[in-house]
Structure formats: C-alpha cells, structure tokens
Amino acid sequence: MSEIKRIISLYKNKEQLPGDIVKEYLKKAQKNDFNSFISLNENVLEQAEELDKKVKEGKIEGRLFGIPVSIKDNILVKGLKCTCASKILENYIAPYDATVIEKLKKEDALIIGKTNMDEFAMGSSNEYSAFGPASNPFDRERVPGGSSGGSAISVSADEALLSLGSDTGGSIRLPASFCGVYGLKPTYGAVSRYGLVAFASSLDQIGPFAKYIEDVEILFDIIKGKDEKDKTSAHYPEREIKPSYPLKIGVLKDSFSDKVEEEIKTSLEEFIKLLEKEKIAEFKEFEIESFEYAIAVYYIVACAEASSNLARYDGVLYGFKSKSNNLWDMYEKTRTEGFGEEVKRRIMLGAFVLKSGYYEEYYVKAQKVRTKILKEFLKNLEEFDLLLMPVSPTLPFKKGEKLKDPISMYLSDIFTVSVNLAGLPAIAFPFKLSKQGLPIGFQFVSKFFMEKLFFEVLKKIEKIIYG
Amino acid sequence: MDKFEIKIGLEIHVQLKTESKMFCSCKVNIDDEPNKNICPVCTGQPGVLPSPNEKAVFYAVLVSRALNCRIPEILYFSRKNYFYPDLPKGYQITQYGISTGFGGEVPVIMNGEIVKFPLERINLEEETAKSFHIEGKVYLDYNRCGIPLLEIVTPPCFKSSEEAVNFLKSLRRILIHLSVSDCNMEKGEFRVDTNVSVNIKGKKSDHRTELKNLNSLSALKEGISFEIERQKKLLEKGEKIERETRLWDEEKRETRVMRTKEFVEDYRYFPEPDIPPFEVKKEWLEKELPILPHVYYQKLIEKGAEPKEAEIIISSPFLSEFTQRVLEKLPFNKVKGWILTEILQHVPDVESLKNLPFTSSEFIDFIGKIIEGKLPRHIGQEIIKKSMEENIPLKNLISEKVEIKSGSELENAIEEVIKENSDVVEKIKSGKVSAVSFLVGQVMRKLKGKANPKEVKEKIEKRLGI
C-alpha cells in the first residue's frame with residue numbers, strides 16, 4: 001500500500017491536480033495545531049500550478065510528482081530559511097540546496113515547509129526549540145519525541161505526506177515511534193549529508209518518515225547513493241533481497257529490563273508472538289555487552305564533534321550577531337545569547353572532552369568502545385537476519401517532565417544511540433496504541449546497506465497488522 | 001669562545017599552486033577582486049562538506065619525497081579548533097598526529113658547500129582568509145580562504161641568521177623546482193615564522209620568542225640577528241627572557257612585543273570526521289622527481305662555475321636544465337658570458353624564467369659558430385638581443401643576418417679598400433702598423449659587418465706583406 005502511488009495515479013487519471021492535494025495538506029500545515037512547522041514554503045502553490053500544467057499535458061514523470069513533503073529545518077532548501085530551531089540562525093536563508101533536496105526537486109516533489117526540531121537536533125522531545133515546543137498529535141500535553149519532532153508530527157497529522165529528518169542518536173526513530181509513523185535511519189554513508197547542518201558528522205544521517213512502508217522505500221530509493229560532495233557517502237550496492245521465512249530475529253535482552261515501561265514490554269511480547277504465529281520469524285534473545293556504555297560513548301563523540309561543528313556560528317559571517325565593542329566580547333555575547341541551554345551544555349561538554357590532557361581519556365577511549373559496539377552488533381548479525389528492540393524505554397512523556405533532568409532525557413535514547421555509533425541501518429515502525437491511546441513502536445536493526453530487508457519484511461507485517 | 005648557545009627554528013607556510021582550492025572547486029587566485037573566488041564550502045556555510053583536492057595531496061607527497069621525509073601509507077586530516085574572523089568554520093582542517101611527511105632534510109647551499117638541515121614534519125592544510133585593517137575597520141577577503149597550504153616545520157637547528165636564511169633560500173628554490181608554488185614572498189605565498197632562543201651554554205632553559213612579520217629574506221636575516229643580540233644583552237644583564245611573540249618593525253628595524261604567551265591555546269585537535277582516511281596513491285610515490293637545484297649546483301661547480309654564477313642559474317628550473325644541456329656539449333667558460341650576461345640582461349626576473357625563444361641545441365650551434373669564428377661576437381650579441389626582445393628563434397636570425405662574407409667577395413672588398421685608402425696603405429708600409437685596424441673597419445663597413453674581423457685583419461696583413 002502506497003499513498004504516493006495512489007496520489008500519482010489520481011494525477012495520471014486526471015482525477016485530481018497537485019494544486020488540490022497540496023492545498024489540503026497546506027491548510028493543516030498553516031493551522032499548525034501541533035507547532036510542527038517553523039516556516040512554510042510560500043511558493044508551494046505556484047510550484048503546484050506548474051505541475052498542474054504538466055498533469056494536463058500528460059507529463060507526469062517524477063517519482064514524487066506532486067507529493068507534499070516536509071523538511072526538517074536543519075536541511076537546506078535554497079531560498080527558504082534554515083533555522084535549526086535556533087535563534088542564532090533565525091534569519092538565515094539557505095543559499096543552496098542540500099543534495100537530498102536536489103533529488104526531491106528532480107522528482108517533482110512539492111516542499112510544504114520546514115519542520116520544528118530540537119535546536120541543532122540536540123534533544124529527544126522537541127522541547128529545546130527557539131520556536132517553542134511541538135506537541136504530540138495523539139496527546140497535546142505530551143512530547144512528539146525529538147529531535148525531528150516536527151517531521152514526525154507532519155506525517156502523522158497529514159500536514160505532509162512524507163518528511164525528511166535527521167538521525168544522530170535516534171532523532172528520526174524516536175519521534176516516528178512517539179507519533180506512530182515509520183522512520184528510517186539509513187546506513188551511515190547511504191544518504192549524502194551535503195546540506196544537512198552538521199551536529200555530529202560521524203553519526204548524522206538523513207532519513208525518511210512516512211505512514212506506509214512502501215512510501216518509506218520509495219523516498220529512500222530516491223535520496224540514497226554516493227555524492228561527490230560528501231566524501232563519507234558510499235555507492236549503494238544494488239541487490240535483490242528475498243527473505244526466507246521464518247527469519248531469525250534476535251531480541252535485545254535489555255528490552256525487558258526494569259528500565260523499560262511495562263506496557264512496552266508486554267506489547268513487544270505480543271509482537272513477537274504475532275510474528276511467530278504467522279511464521280514470519282523465530283526469536284532468540286541476544287546481548288550487547290557494551291550496551292550500557294553506549295549513552296556515555298555517544299555523548300562524548302557527538303558533543304566533541306558538535307563543539308567543533310557549531311563553532312562557525314560566531315557572529316562574523318552569518319546568523320545572529322550580538323552588539324559589542326570588541327571581537328572577543330562579540331563572540332561571547334553572540335554565542336551566549338544565540339544558543340539555547342542544551343546546545344551550550346553539549347558544546348561545553350564537547351570542548352571539555354577534546355581538551356589536551358583529557359582527549360585520550362575521553363575521546364580516544366570512547367572511539368575504542370564505539371568499535372567494540374560495532375563488532376558486537378556485527379557478530380550478532382551473523383547469527384540473526386534482524387535485531388529487534390524498543391525505540392524508547394517509555395511511552396511519549398509529558399512536556400516539561402524531563403527538562404530539569406538532562407540525564408533522564410538522554411536515557412530516552414538508550415535503544416537508539418548504539419545503532420548510530422555502529423553506523424548500521426535501523427527502522428522504527430508503529431505497532432499499536434497503548435491503553436491511553438499513545439503509539440508504541442519498535443525498531444529493527446540490520447547489516448550495512450540492508451534497508452531493503454526492512455522494506456520486504458515490514459510490507460508483510462504491515463499487511464498482517466492493518467490488513 | 002662564545003658563551004652563548006643559539007637555537008633558531010622555522011615554520012614555513014607555502015601556498016600551493018593548484019587550479020582549485022583545497023576542499024572546493026573555487027579558483028585559486030588571490031589577485032582577483034576581493035571575495036570573487038568563494039563558494040558555500042570555502043566560506044563555511046552551514047551544511048557544507050569538504051572534498052579534498054587530490055592535486056594538492058599529490059604536491060604535498062611530492063615535496064615530502066623530494067625532502068626525504070617518511071610518508072605514511074594512510075593519511076587523514078584533523079581539525080584545529082580556534083576562533084578568529086579569518087577562519088569561517090571556527091576550525092582549520094589540517095594534519096595532526098599524522099603528517100604527509102615526517103622527518104626529512106633540506107640540502108642547503110652554504111658558502112659553496114651542500115649542508116643538510118633536518119625537518120620535523122610537512123603538513124597539508126587550508127589557508128585562512130586575508131584580513132585588511134583600514135581606518136580602524138577590518139575587511140575580509142575570502143579569495144585566499146581554502147587555498148592549499150603546506151606547513152613545513154624544522155627543529156630548532158639553526159645557529160645563526162645566515163644559516164636560517166640560506167636554508168630558506170634553498171627550500172624556496174626546491175619548491176620552485178618542484179613547480180608546486182611560486183613562493184612569492186611579497187604576495188604571501190611563502191611565509192616564515194621564527195623561534196629564537198639564546199641560552200648561556202650549559203644552562204637549561206625553555207624560553208623562546210616567536211618572531212612574526214618577517215616578510216622578506218632580508219627582514220628575516222635582520223630580525224633574527226636583532227633578536228639574538230637582544231636576548232644576549234638580557235642574559236648578560238642577568239635578566240629573564242619572556243616567552244612571547246614579537247613583531248618585526250620594518251621602519252624602526254627592531255622587534256617589539258606583540259603578545260605574551262602566558263596562556264597556551266588549546267586547539268582541541270581531533271580527526272576530521274567529514275573526510276575518511278585515505279591511502280597514499282602508488283602513482284604519487286612513483287612519479288619521477290625533477291632534478292633538484294643542489295644537484296644542478298654541484299654539476300655547475302664541477303664544470304667550473306663560481307658559486308655565485310651557479311646560484312643565479314639554479315634560481316630558474318628552466319635555466320638549470322637549459323644550461324645543463326648546453327654543458328653536455330660546451331665548456332662552461334665558453335658559454336657563461338653568453339648565458340649570465342647576454343641572455344639574462346634581457347630577463348627581468350631570472351626565477352620566473354620559463355622559456356627562451358630558442359632551444360638548447362640551437363644555442364649550442366650558435367655558440368659553436370662563434371667559437372669557430374664563423375659568427376663575430378658583436379653580431380652574436382645583436383642576435384641574442386633581437387631574439388630575446390622579439391621572441392625570434394636563433395636559427396632564423398643567424399641565417400637571415402649572418403652569412404659571413406669570405407672568398408672572392410671578401411677579397412674584392414679588401415682590394416677596393418686598399419685602392420680607396422692608398423695614403424693609409426703608405427703609412428702602414430712605412431711602419432705605422434696600427435693603422436691596419438682602420439682598414440679592417442673600412443672592410444667591415446663595406447660588408448655591413450658580415451665578416452670576421454680577425455680574418456679580415458689577417459688577409460689585409462698578408463696582402464700588404466706585413
């Protein structure tokens with residue numbers, strides 16, 4: 001089931017025009033009930049009109065022809081603001097298109113607007129935004145998850161059909177899970193990062209959000225591939241994936257630890273039973289010894305890189321500049337006033353672990369553990385086709401609940417960060433609603449460049465769950 | 001005996017002469033109007049990523065090979081983090097921990113000898129923007145930002161300003177011979193920072209001063225000498241030498257404090273995550289190195305050149321090779337005047353001499369004709385002048401201008417001159433032999449200079465029986 005294909009066939013049959021479709025989505029985006037958008041693309045209706053003409057001429061070619069897409073506000077779209085939800089880039093207008101945006105434009109996608117997020121993608125609740133927190137569409141008192149909260153909401157609440165976000169330590173999967181949609185964190189290097197405002201270069205990946213797995217696949221196929229502008233991007237190996245059922249799936253032992261909310265554990269058991277019953281998979285528990293260090297390692301590596309990546313916001317070339325009499329004063333005031341608390345906390349943490357004298361003890365050691373985590377994952381992936389675990393140890397939590405305690409906020413990412421450290425692909429998928437009506441989702445992890453396996457397996461599961 | 005121990009270390013930054021910048025495709029041209037050759041990458045816009053310029057890496061490897069450095073199999077870049085307006089990203093991509101070249105040595109020409117001075121490392125990095133201070137305001141030109149830069153660092157191995165300056169001259173010459181940089185100091189393509197530390201022998205101390213703004217070799221020599229004397233005086237008075245950065249004041253001809261180094265900056269280096277480590281390509285290691293200037297120098301000295309003469313020739317890679325080819329056929333003393341005076345007087349800047357209007361074999365033929373007496377010197381000089389000024393190959397000029405008159409044409413001319421100047425002939429016959437040169441001049445005039453004066457003189461003398 002693909003909403004993209006359904007809409008394009010409407011165009012092909014001349015039953016509807018891109019202008020009509022985009023207006024429906026735009027209406028909701030303009031209402032902005034959940035504060036999911038930071039800015040809207042003012043030219044989208046004009047761009048839709050161009051496509052209307054093509055429909056009338058029968059020239060429907062792009063794979064995303066007339067499909068409304070929202071973009072996380074840390075991905076550059078030429079001519080649109082790119083704020084990263086930060087005061088420091090409040091008025092920054094992107095001078096070029098990110099590689100993924102070039103690819104979307106080539107497929108005639110319609111960019112609705114730029115979505116809310118945690119400032120510079122640093123956060124798990126979308127509360128650290130200079131443009132205010134976003135709300136969970138299932139319960140406005142609760143957070144949508146972060147950092148790509150706006151992207152997840154926009155897809156969940158039909159403000160956009162697809163969205164692109166970025167995942168550094170769970171920033172696609174967590175909000176996808178909290179908002180009940182799919183969110184894919186591709187293999188590191190599968191998608192070009194050129195034009196994604198860097199948070200932690202060795203962990204960041206751009207990835208898709210969608211309501212249907214087939215649409216995730218379509219969007220991923222379009223954005224993946226080597227880009228000469230990104231030396232960390234790789235040629236994506238094209239191969240046929242034919243899963244042989246029942247698959248062997250490993251369940252992370254920590255999924256059932258006392259840190260995980262009861263209802264998530266019971267749902268996971270339910271999910272496992274369903275797949276066993278349907279003969280889709282056989283399950284066995286597995287362990288990652290260094291799992292408990294993943295959060296610490298993640299925050300050392302991510303903050304170190306962030307402290308350097310965010311150094312350019314100093315008031316000299318672009319963005320917010322504070323008034324002052326001398327250079328050093330200008331740097332200090334600009335950065336003190338321009339960055340939010342969480343960003344400053346991470347910059348300081350990063351600068352600290354890179355200090356000479358501490359570098360070996362923190363950064364170098366963290367990199368060693370990082371390698372160990374990857375090795376453990378790969379070892380388990382020799383035995384299993386897929387690894388299964390929750391996305392978050394909790395259901396979507398209430399706004400403000402974790403703001404005073406950064407460590408408990410960091411622990412929301414306990415199941416997601418290790419995958420980024422390993423560079424492996426992972427996908428968050430919705431399973432059911434909790435008793436209170438909040439989405440519960442899980443994630444699969446696979447080998448490098450095996451996203452196709454997710455798509456095949458989840459198409460089958462989607463059919464079973466939703467018919 | 002001198003009671004002082006002098007240690008001088010050098011850190012040289014060299015702009016590489018690549019087409020495009022280190023991490024983007026912007027043109028390398030600092031002479032263009034400000035901020036013309038810029039793009040999102042070299043101005044550090046959010047979201048950009050660096051793509052290393054292979055040519056620049058190759059150049060860094062080439063220099064490392066020429067200077068006998070150890071080159072690792074795998075290279076990577078690191079980030080050097082600090083804030084400054086000329087640094088748009090807030091960090092410089094450079095090398096740290098791993099250098100393109102480790103160790104190595106520079107063959108330096110010192111008083112006619114080749115002396116080898118050690119190197120510590122050669123790093124490849126990116127250039128910063130250029131700032132201008134005009135009427136209290138700072139202006140930034142990002143044309144320079146992102147140009148590939150080599151950082152060449154020596155240990156504190158020099159004992160005098162002469163050694164340091166000779167080292168720099170030799171290093172510059174090598175880089176010019178490798179065609180990796182023009183090393184124009186005025187344009188800032190070759191910049192030198194200096195550490196000077198004077199100690200009383202036997203006493204351990206870690207003080208040193210860093211000298212900046214030494215923008216020419218003469219300023220370097222003077223600045224270092226000044227600093228050595230300044231530190232000596234302080235030591236003699238028993239005073240402490242501060243660890244500081246001092247600026248060379250070109251007008252007052254002295255160094256003064258720029259900043260004290262109580263606070264050591266922490267650059268928070270870490271490996272650049274945007275550029276994966278990469279292998280040093282085999283082809284970079286196998287490409288044939290050009291002959292280095294000190295090798296040319298030694299050959300020239302062997303062939304009898306004076307050190308000064310040899311140094312002039314090796315300042316141009318082209319002239320070095322040209323001269324070497326000529327010397328395969330002809331002795332140095334037969335050609336040195338022609339090369340060093342006749343040719344070079346028409347060249348404004350020997351270092352940048354990249355070609356001549358004639359080949360070495362044409363030149364060899366030309367000199368051969370002069371040696372054989374087929375071509376008079378003075379005409380040879382005119383030919384060189386015309387060739388150089390009008391860019392005409394020598395062989396065209398020789399065939400057009402010089403066909404030495406001899407045989408009957410020459411005999412006839414001599415007969416005519418003798419007839420026309422019977423009075424002079426009488427004088428000669430009566431003993432005033434020196435007047436023969438007058439007759440030679442007349443013959444030459446008649447033949448429009450196209451004769452060999454020596455031959456004419458001999459013929460006249462023979463004809464007159466003297």
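Quantities reported herein were computed from a predicted structural model and do not represent experimental measurements.

**Some points on the overall build of chain B**
- The helix and strand inventory of chain B stands at 15 helices and 17 strands.
- With respect to the three principal axes, the spread of C-alpha positions in chain B is 95 × 55 × 50 Å.
- Put simply, chain B has 466 residues, and 39% of those count as buried.

**Section: the overall build of chain A**
- For chain A, the helix and strand inventory stands at 15 helices and 11 strands.
- Taken over the C-alpha trace, chain A has a radius of gyration of 21 Å; the compact-globule value for 467 residues is 23 Å, and the two agree within 12%.
- Counting only C-alpha atoms, chain A reaches 65 × 55 × 45 Å along its principal axes.
- Within the span of chain A, comprising 467 residues, buried residues form 58% of the whole.

**Quick look at the sheet that holds strand β12 (residues 190–200) of chain B**
Residue and element names in this part refer to chain B.
- Reading across from one edge, β5-β8-β11-β1-β12-β13-β14-β15 is the order of the eight strands in this open sheet, with mixed pairing throughout. Each edge of the open sheet is held by one strand with a lone partner, namely β5 (101–102) and β15 (254–260).
- Those strands touched by helix α3 (residues 217–236) are β1 (4–15), β12, β13 (209–214), β14 (244–249) and β15, and its axis lies near 20 degrees from that of β12.

**Examining the interface of chain A and chain B**
- Taken together, the contact between chain A and chain B spans 33 residues of the former and 23 residues of the latter.
- Counting only elements with at least two residues in the side of chain A that touches chain B, the list comes to α9 (294–309), α10 (327–338) and α11 (341–354) of chain A.
- Of all the elements, α9 of chain A adds the most residues to the side of chain A that touches chain B, at three residues.
- When its residues are assigned to classes, the side of chain A that touches chain B shows 18 nonpolar, six polar and nine charged.

**Here we look at the sheet that holds strand β4 (residues 91–94) of chain B**
Residues and elements named next belong to chain B.
- As summarised here, the arrangement of the three strands in space is β4-β3-β16, forming an open sheet in which the pairing is antiparallel. Because the sheet does not close on itself, it has two edges, and the strands there are β4 and β16 (270–271).
- Note: strand β3 (residues 78–81) against β16, two bridges, orientation antiparallel. Its bridge partner being in β16, Ser78 is matched across the sheet by Pro271.

**As for the packing of helix α7 (residues 317–329) of chain B against helix α9 (residues 360–372) of chain B**
Residue and element names in this part refer to chain B.
- At a minimum axis distance of 9 Å, the contact between α7 and α9 shows a crossing angle of 45 degrees. In terms of orientation, α7 and α9 fall into the oblique class. In this structure, the crossing between α7 and α9 has a hand that is right-handed. Across from Phe322, Arg325, Val326 and Lys329 in α7, the residues of α9 making contact are Ser360, Phe363 and Ile364.

**Some remarks on the domain arrangement of chain B**
Residues and elements named next belong to chain B.
- Partitioning chain B into domains gives domain 1 (4–284), domain 2 (293–401) and domain 3 (407–464).
- If you average the C-alpha positions of domain 1 and of domain 2, the two centres end up 36 Å apart.
- Facing the eight residues of domain 1 at the interface are 10 residues of domain 2.
- Listing elements by their share of the side of domain 1 that touches domain 2, those giving two or more residues are β6 (105–110) and α2 (161–177).
- Among the elements that line the side of domain 1 that touches domain 2, the one with the most residues is α2, at four residues.
- Taken together, the residues that form the side of domain 1 that touches domain 2 break down as five nonpolar, two polar and one charged.

**Structural notes on the nonpolar core**
- Membership of the largest hydrophobic core comes to 247 residues, with the highest contact counts inside it found for Val69 and Tyr182 of chain A.
- Of the residues forming this core, the biggest block, 10 residues, is contributed by α9 of chain A.
- In terms of domain composition, this core takes at least three residues from each of domain 1 (4–284) and domain 2 (293–401) of chain B.
- Non-local contacts of Tyr182 of chain A, meaning those with residues more than four positions away in its chain, are made with Ala176, Phe209, Ala210, Ile213, Val216, Ile427, Ala428 and Phe429 of chain A.

**Section: the packing of α9 of chain A against α11 of chain A**
Residues and elements named next belong to chain A.
- Contact geometry for α9 and α11: axes closest at 7 Å, N-to-C directions at 100 degrees. Relative to α11, the element α9 is oriented roughly perpendicular. In this structure, α9 contributes Tyr299, Ile300, Cys303, Ala304, Ala306 and Ser307 to the contact, and α11 contributes Arg346, Ile347, Leu349, Gly350, Ala351, Val353 and Leu354.
- Of the residues contributing to the contact of α9 with α11, the split by class is 10 nonpolar, two polar and one charged.

**Considerations on the pairing of strand β10 (residues 426–433) of chain A**
All names here are of chain A.
- Bridge count between strand β5 (residues 182–185) and β10: three bridges; the pairing is antiparallel. Considered in β10, the bridge of Leu184 is made with Ile427.
- Taken together, the seven bridges between β10 and strand β11 (residues 439–445) define a ladder with antiparallel strand orientation. For Lys432, the partnering residue across the bridge sits in β11 and is Ile440.
- Linking β10 back to β11 in an antiparallel pair, the connection comprises five residues, with Gly437 at a positive phi of about 85 degrees.

**Digging into the pairing of β11 of chain A**
Residue and element names in this part refer to chain A.
- Of all seven residues that make up β11, seven are buried, and the element is covered over most of its length.
- Side chains Pro439, Gly441, Gln443 and Val445 project from β11 onto one buried face, and the interleaved Ile440, Phe442 and Phe444 project onto a second face that is buried too.
- Where strand β9 (residues 386–390) and β11 come together, four bridges link them in antiparallel fashion. Residue pairing for β11: Leu388 is matched across the bridge by Phe444.

**Focus on the confidence of the model for chain B**
- Mean pLDDT for chain B: 92, with 97% of residues reaching 70 or above.
- At the level of chain-chain contacts, confidence expressed as ipTM amounts to 0.96, with global pTM at 0.91.

**Here's the deal with unusual backbone geometry**
Residues and elements named next belong to chain A.
- The omega angle of the peptide bond from Gly146 to Ser147 is 10 degrees, so this bond is cis rather than trans.
- Tracing the sequence through the fold places Ser147 in the loop between β3 (110–115) and α5 (149–156).
- Omega for the bond connecting Tyr245 with Pro246 falls within 30 degrees of zero, at -5 degrees, which places this linkage in the cis form.
- Assignment of secondary structure puts Pro246 in the loop between α7 (213–223) and β7 (247–252).
- Its identity is not glycine, yet Ala121 carries a phi of approximately 70 degrees, on the positive side.
- Within the secondary structure, Ala121 is located in the loop between β3 and α5.

**A short note on helix α4 (residues 99–106) of chain A**
All names here are of chain A.
- If you check which residues of α4 are buried, you get Thr99, Val100, Ile101, Lys103 and Leu104.
- Each element contacted by the buried residues of α4 is listed here: β2 (68–72), β4 (162–167), β6 (205–210) and α7.
- Just downstream of α4, Asp108 is the residue with a positive phi angle, here 65 degrees.

**Let's talk about the environment of Val143 of chain A**
Residues and elements named next belong to chain A.
- With respect to the element layout, Val143 can be found in the loop between β3 and α5.
- Taking the number of C-beta atoms within 10 Å as the measure of exposure, Val143 has 30 and is therefore buried.
- In the structure, Val143 is positioned 18 residues away from Ser125 in sequence and 5.5 Å away in space, judged by C-alpha atoms.
- Residues in contact with Val143, not counting those within four places in the same chain, are Ser125, Asn126, Glu127, Asn136, Phe178, Pro396, Phe397 and Lys399.

**A word on α9 of chain A**
- Over its 16 residues, α9 of chain A runs 22 Å from end to end, which matches the ideal 22 Å to within 8%, given 1.5 Å per residue.
- Across the 16 residues of α9 of chain A, 14 count as buried, placing the element largely inside the fold.

**As for the environment of Ala94 of chain A**
- As for its placement among the helices and strands, Ala94 of chain A is situated in the loop between β2 and α4.
- Setting aside its immediate chain neighbours within four residues, Ala94 of chain A contacts Leu76, Val77, Lys78, Gly79, Leu80 and Cys82 of chain A.

**Quick notes on the environment of Arg239 of chain A**
- In this structure, Arg239 of chain A sits in the loop between α7 and β7.
- Note: C-alpha distance between Arg239 of chain A and Phe449 of chain A (210 residues apart in sequence) is 9.7 Å.

Cut-offs used in this document
- Residues take numbers from 1 onward in each chain, read along the sequence in its written order.
- Chains and ligands are labelled by the order in which they are written, letters from A for the one and numbers from 1 for the other.
- Where local features are concerned, this predicted model is filtered to residues with pLDDT of at least 70; where side-chain atom pairs are given and counted, the filter is 80 or more; whole-chain, interface and lining totals use all residues.
- Labels follow the DSSP assignment, with helices taken as runs of H or I lasting at least four residues and strands as runs of E lasting at least two, numbered in each case from the N terminus.
- Three exposure classes are used, based on other C-beta atoms lying within 10 Å of a residue's own C-beta, which is placed from the backbone: buried for 20 or more, exposed for 12 or fewer, and partly exposed in between.
- It is over C-alpha atoms that the radius of gyration is taken, and the globule rule equals 2.2 Å times the number of residues to the power 0.38.
- Pairing between strands requires that DSSP locate at least two bridges from one strand to the other.
- Here, residues touch in the contact sense if the C-beta positions derived from the backbone fall within 7 Å of one another.
- Only the stretch in contact is used when fitting a helix axis, every axis being a line fitted to C-alpha atoms; angles between N-to-C directions are given from 0 to 180 degrees.
- Residue classes follow a fixed rule: Ala, Val, Leu, Ile, Met, Phe, Trp, Tyr, Cys and Pro count as nonpolar, while Asp, Glu, Lys and Arg count as charged, and any other residue, Gly among them, counts as polar.
- The scheme is simple: roughly parallel for angles under 35 degrees, roughly antiparallel for over 145, roughly perpendicular for 65 to 115, oblique for anything else.
- The handedness criterion is simple: a crossing whose near helix is rotated anticlockwise from the far helix by less than a right angle is left-handed, and one whose near helix is rotated clockwise is right-handed.
- Here the limits of each domain have been adopted from an automatic or database domain assignment.
- In this description, a nonpolar core means buried residues of the types Ala, Val, Leu, Ile, Met, Phe, Trp, Tyr and Cys, linked to one another by C-beta atoms lying within 7 Å.
- Residue-level confidence of the predictor is summarised by pLDDT, bounded by 0 at the bottom and 100 at the top.
- The span you would expect from a helix comes to 1.5 Å times its residue count less one.

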